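The lines below spell out each chain.
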Protein chains: 2
Amino acid sequence: MSAAKEVYIAVIGAGGVGKCFLSQLEGFSKRSSSKLSLIFISRSKTVLYSPKYTALSYDNISTALADSKQEPLSVPKIIEYLSAAPAKVVLVDNTSSQDVADAYPAFLAKGISIVTPNKKAFSGSYKLWQDIFSAASTSGAKVYHESSVGAGLPVISTLKELVDTGDEVTRIEGVFSGTMSFLFNSFAPTEGSGGKWSAEVKKAKELGYTEPDPRDDLNGLDVARKLTILARLAGLPVESPTSFPVQSLIPKELESVSSGDEFLQKLPEFDSQMEDTKVAAEKEGKVVRFVGSIDVAKKEVKVGLEKFDRSHPIAALKGSDNIISIYTKRYGANPLIIQGAGAGGDVTAMGVTGDLIKVLERLT
Amino acid sequence: MSAAKEVYIAVIGAGGVGKCFLSQLEGFSKRSSSKLSLIFISRSKTVLYSPKYTALSYDNISTALADSKQEPLSVPKIIEYLSAAPAKVVLVDNTSSQDVADAYPAFLAKGISIVTPNKKAFSGSYKLWQDIFSAASTSGAKVYHESSVGAGLPVISTLKELVDTGDEVTRIEGVFSGTMSFLFNSFAPTEGSGGKWSAEVKKAKELGYTEPDPRDDLNGLDVARKLTILARLAGLPVESPTSFPVQSLIPKELESVSSGDEFLQKLPEFDSQMEDTKVAAEKEGKVVRFVGSIDVAKKEVKVGLEKFDRSHPIAALKGSDNIISIYTKRYGANPLIIQGAGAGGDVTAMGVTGDLIKVLERLT
């Protein structure tokens, strides 16, 4: 075998997922047949990088980054810095930033590969989606985003393989949000009872299962973004995550209250709405769940509440698990199902690290 | 982009999976950025190949192969022929032959990559397993075998990624045989009743769900082979599929009857054994299923009958579906679950075609 090739790694974002990723990267670097050099890491206001492309040390890197006095770089400056590197570069975007996502075509055009859990790039405008894959195809740079749907669950790789091998995806449905999964598994458990809606939302927030303002989960946009990505991979040129019906669980009257805390405080006044939905489902022997579905033939994508038999796999989900059912011509009546934790720093970072391995195996 | 690289494809085996694969290969060849040339195809007694490495035509290839007057090549001759090819070669082994499997190290040592659903190579002796991966590592040839467990379901790729990214696999359990799944879903359905054991075996055979002699399914060896593969990937150096407890469902008295037909004819005399097992489970409110499990910490692998609550995902399986639950440190109490058809020509071939795509992306 030839000498280990050197590959430079640049990481944007050092929050929950970012920290888990750094730990996985450090471990993987020791086992990899490539020589992986972390040369750049940034978070919102600080940056740590090596102007001469020598590897940064992982020891106390979070502290070093927080204390760094290096001048933060704009996105164009980051591209300039990375494209001047004397070996192949992989950018790891562990943010949920639209600005970084918008720059993917520019990174890729310079031959910089990208791995990321950031949904924004792949669920934004259809033009951005096209620009990303066209830039990658032209330069030969790679782009992988497994963790943008279902965290580390092998959803995107499986869907791509079905399509690439010539299967016809007919329908995709499932629970795509760990937050929504947790909320409905507690609010309307298959064994009956369950708490009041507002109490479950409050509990989910306290347990760290929601965004700081729970409305950012309850508006359904997170699920709509994931459906946009999967629909596009299945062949539907979905224009944006707001171009199909998405049911928001935010009562109209609370859409404009100023804070998440005020929202939580007033939510109990609207408990009867969700209670009615739950009782209506129970009368049919069913439970209500917040799901997304894609009907490829009808070109229909939708996100919202649906009722399921108690024995249905979607009803029987536990904790904050995701479940994704992919119906195809080859698989017939029984779908290919993937289920498990769809959120959390470690499993999200795992999808990113897995993507990095795929890129390294494909870089020539 | 540079001109499309040419890659030669050689296929051994043109039965159920082989025919489906050829059809998928023909379709994929038209979409691939590589120039894929099928130069060799063989089945039990005939061979069709191009001595000068020009591409064979897909038109009526099955008939052409059946009618071929070319002299069949021994495995060493096939290796000689393929290693003299003027470009990279991928061998697709669509047989279940131990002889071909035993030659994998020799193919790989010559730089010939392999994709296959053949379990024999990866579940034979541990020495063969080591020889295969050591030959691949030395020559740089690739070897993928997704369809050796769960057909096209992404089981092996997912397990590998968990391990490669540094997760700790603690336990794997599931239903790994389409035949066993079908038999038990009919014999002991969650909603109660179900037919007599011998009648279900007979029905399964008539529907084509069993091997010609159903004892080849009922002895548990097929499941034991799959468990051997997964256990090795999870880090256990399992010596062979007979080095751990495997429960056979063949009554002792029928082990040596001469034919599958005689076996089926006499099986009703032993129905009470399975009926007792079923009733015992029902008394606990459970159903019986034929499962395999791997406890990584205890280094225990076993295959046989177990009882499950009716609400357990393993109990609720449908048709001939497989289900594989992977418990890891990162995923915690709720496993990563993959479920769907685990047998059938098209979905098995899909795993092979998917592996071929992976090899093509990695060949430099």
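Residue numbers here run from 1 along each chain, matching the order of that chain's written sequence. Here chains are named by letter from A upward and ligands by number from 1 upward, in the order in which they appear as written. Given that this is a predicted model, residues contribute local features only at a pLDDT of at least 70 and side-chain atom pairs are listed and counted only at 80 or more, while totals for whole chains, interfaces and linings are drawn from all residues. For side-chain calculations, the full set of non-hydrogen atoms in the structure is used, while hydrogens and water are omitted.

### Considerations on the confidence of the model for chain A
Here chain A averages 96 in pLDDT, and 99% of its residues register 70 or above. Among the scores for the predicted complex, ipTM is 0.96 and pTM is 0.96. One number per residue, pLDDT, summarises how confident the predictor is, and it ranges from 0 to 100.

### Description of empty space enclosed by the protein
Any empty space left between atoms is shown by rolling a water-sized probe over those atoms. Residues and elements named next belong to chain A. Method remark: on a 1 Å grid restricted to protein atoms, a set of points is classed as a cavity if a 1.4 Å probe fits but cannot get out and as a pocket if it is open with protein on both sides within 12 Å along at least five of seven lines; lining residues have an atom within 4 Å of a point. Grid points are joined across faces, edges and corners, and a volume is the space filled by probe spheres set on the points. Enumeration according to the criterion identifies 1 cavity of 30 Å³ or more in this entry. Computed from the structure, the largest cavity encloses a volume of approximately 30 Å³. If you trace the largest cavity, you find it lined by Ala188, Pro189, Gly192, Lys278, Glu282, Lys286, Val287, Val288 and Arg310. Ranked by residues supplied to the lining of the largest cavity, first place goes to strand E8 (residues 286-295) with 3 residues. The class makeup of the residues in the lining of the largest cavity is 4 nonpolar, 1 polar and 4 charged. In DSSP terms, a helix is any run of H or I states spanning at least four residues, a strand is any run of E spanning at least two, and both are numbered starting from the N terminus. Gly falls in the polar group here, along with every residue not listed as nonpolar (Ala, Val, Leu, Ile, Met, Phe, Trp, Tyr, Cys, Pro) or charged (Asp, Glu, Lys, Arg).

### With respect to the pattern of salt bridges
Only one rule defines a salt bridge in this text: a Lys or Arg side-chain nitrogen within 4 Å of an Asp or Glu carboxyl oxygen. Evaluation of the coordinates by the stated rule reveals 31 salt bridges over all chains. Residue Lys286(B) pairs with Glu284(B) through a salt bridge whose shortest N-O separation is 4.0 Å. Taking relative accessible area as the criterion, Lys286(B) reaches 23% and is therefore assigned partly exposed. Residues joined in a network through salt bridges with shared partners are Lys119(A), Asp222(A) and Lys226(A). Accessibility here uses a 1.4 Å probe with only protein chains present; expressed as a share of the type maximum, an area under 20% marks a residue as buried, one over 50% as exposed, and anything in between as partly exposed.

### Some details on the interface of chain B and chain A
Residue contacts follow a heavy-atom distance rule, with two residues in contact if any of their heavy atoms lie within 4.5 Å. On the side of chain A, 42 residues touch chain B, which itself brings 42 residues to the contact. Throughout, buried area stands for the accessible area (probe radius 1.4 Å) lost by two parts on being put together, summed over both. Counting the surface lost from both chain B and chain A, the interface buries some 3,200 Å², and carbon and sulfur atoms represent 55% of this. Scanning the region where chain B abuts chain A turns up 4 salt bridges. Residues Glu361(A) and Arg362(B) are paired through a salt bridge, measuring 2.4 Å at the closest nitrogen-oxygen approach. Identification of polar contacts relies on pairs of N or O atoms within 3.5 Å, with a donor-acceptor requirement for protein atoms, meaning one able to donate a hydrogen and the other able to accept it, and with residues adjacent in sequence counted only if both atoms are side-chain atoms. If you look at where chain B meets chain A, you find 8 residue pairs in polar contact (both at pLDDT 80 or more). Per-element tally for the side of chain B that touches chain A: the top contributor is helix H15 (residues 345-362) of chain B, with 10 residues. Considering only residue class, the side of chain B that touches chain A consists of 16 nonpolar, 15 polar and 11 charged. In this scheme, strands are said to pair when DSSP sees at least two bridges between them. In this structure, strand E11 (residues 336-341) of chain A lies alongside strand E11 (residues 336-341) of chain B, joined through 3 bridges in antiparallel fashion.

### Concerning the pairing of strand E9 (residues 300-309) of chain B
Residue and element names in this part refer to chain B. Examined bridge by bridge, strand E8 (residues 286-295) and E9 share 10 bridges and lie antiparallel to one another. In the sheet register, Ser293 faces E9, and the bridge partner there is Lys302. In sequence, E8 turns back onto E9 through a hairpin of 4 residues, with Lys299 there showing a positive phi of about 55 degrees.

### Topic: the nonpolar core
Among the buried residues, those of types Ala, Val, Leu, Ile, Met, Phe, Trp, Tyr and Cys that are joined through side-chain atoms within 4.5 Å form a nonpolar core. Among the nonpolar cores identified, the biggest contains 176 residues, and Phe184(A) and Phe184(B) are the most heavily contacted of them. In contact with Phe184(A), not counting residues within four places along its chain, are Pro189(A), Trp197(A), Leu249(A), Met274(A), Val288(A), Arg289(A), Phe290(A) and Leu305(A). By size, the runner-up hydrophobic cluster in this structure holds 28 residues, among which are Val90(A), Val115(A), Tyr144(A) and Leu356(A).

### Looking at the relation of the copies chain B and chain A
Overlay of chain B on chain A (RMSD 0.0 Å): rotation 180 degrees, translation along the axis 0.0 Å. With respect to symmetry, the two chain copies, as superposed, fit the operation of a two-fold axis. Comparing contact sets, 100% of the residues at the interface of chain B also lie at the interface in chain A, consistent with an isologous, same-surface contact. The copies are overlaid by a least-squares fit using only the C-alpha atoms of residues whose pLDDT is at least 70 in both copies.

### Thoughts on the sheet that holds strand E7 (residues 169-175) of chain B
Each strand in a sheet pairs with another by means of backbone hydrogen bonds, the pair being arranged parallel or else antiparallel. Judged by pairing direction, the sheet is antiparallel, and its 10 strands sit side by side in the order E9(A)-E8(A)-E7(A)-E10(A)-E11(A)-E11(B)-E10(B)-E7(B)-E8(B)-E9(B) without closing on themselves. Of all the strands in the sheet, just strand E9 (300-309) of chain A together with E9 of chain B have a single pairing partner and so form its edges. Across the sheet, the mean angle from the axis of one strand to that of its neighbour is 20 degrees, orientation sign disregarded. Comment: axis = line fitted to C-alpha atoms, over the contacting stretch for helices; angle = value between 0 and 180 degrees taken between N-to-C directions. Docked against the sheet, helix H12 (residues 221-233) of chain B engages E7, E8 and E9 of chain B, running at close to 40 degrees with respect to E8(B).

### Quick word on the domain arrangement of chain A
Residues and elements named next belong to chain A. Under the domain assignment used here, chain A contains domain 1 (6-151 + 346-363) and domain 2 (155-342). Look at where the C-alpha atoms of domain 1 and domain 2 centre, and you get two points 29 Å apart. In this complex, domain 1 contributes 19 residues to the contact, which on the side of domain 2 involves 21 residues. Approximately 1,600 Å² of surface area, both sides summed, lies buried where domain 1 meets domain 2, with 63% of it carried by carbon and sulfur atoms. Taken as a group, Ser123, Tyr126 and Val149 account for 35% of the area that domain 1 buries against domain 2, more than any other trio of residues on that side. Source of the domain bounds: an automatic or database domain assignment.

### A few points about the side chain of Asn94(B)
Residue and element names in this part refer to chain B. If you trace the backbone, Asn94 turns up in the loop between strand E4 (89-93) and helix H4 (98-102). Taking the relative accessible area as the measure of exposure, Asn94 reaches 10% and is therefore buried. For Asn94, the contacting residues outside a window of four places in its chain are Val11, Ile12, Gly13, Val17, Gly18, Phe21, Pro117 and Val352.

### Quick look at the environment of Ile229(B)
Residues and elements named next belong to chain B. For Ile229, the position within the fold is in helix H12. The exposure class assigned to Ile229 is buried, which follows from its relative accessible area of 0%. As for Ile229 and His145, which are separated by 84 residues in sequence, their C-alpha atoms are 10.0 Å apart. With near-sequence residues (within four places) excluded, Ile229 lies in contact with Lys119, Phe122, Ser123, Trp129, His145, Ser148, Val149 and Ile156.

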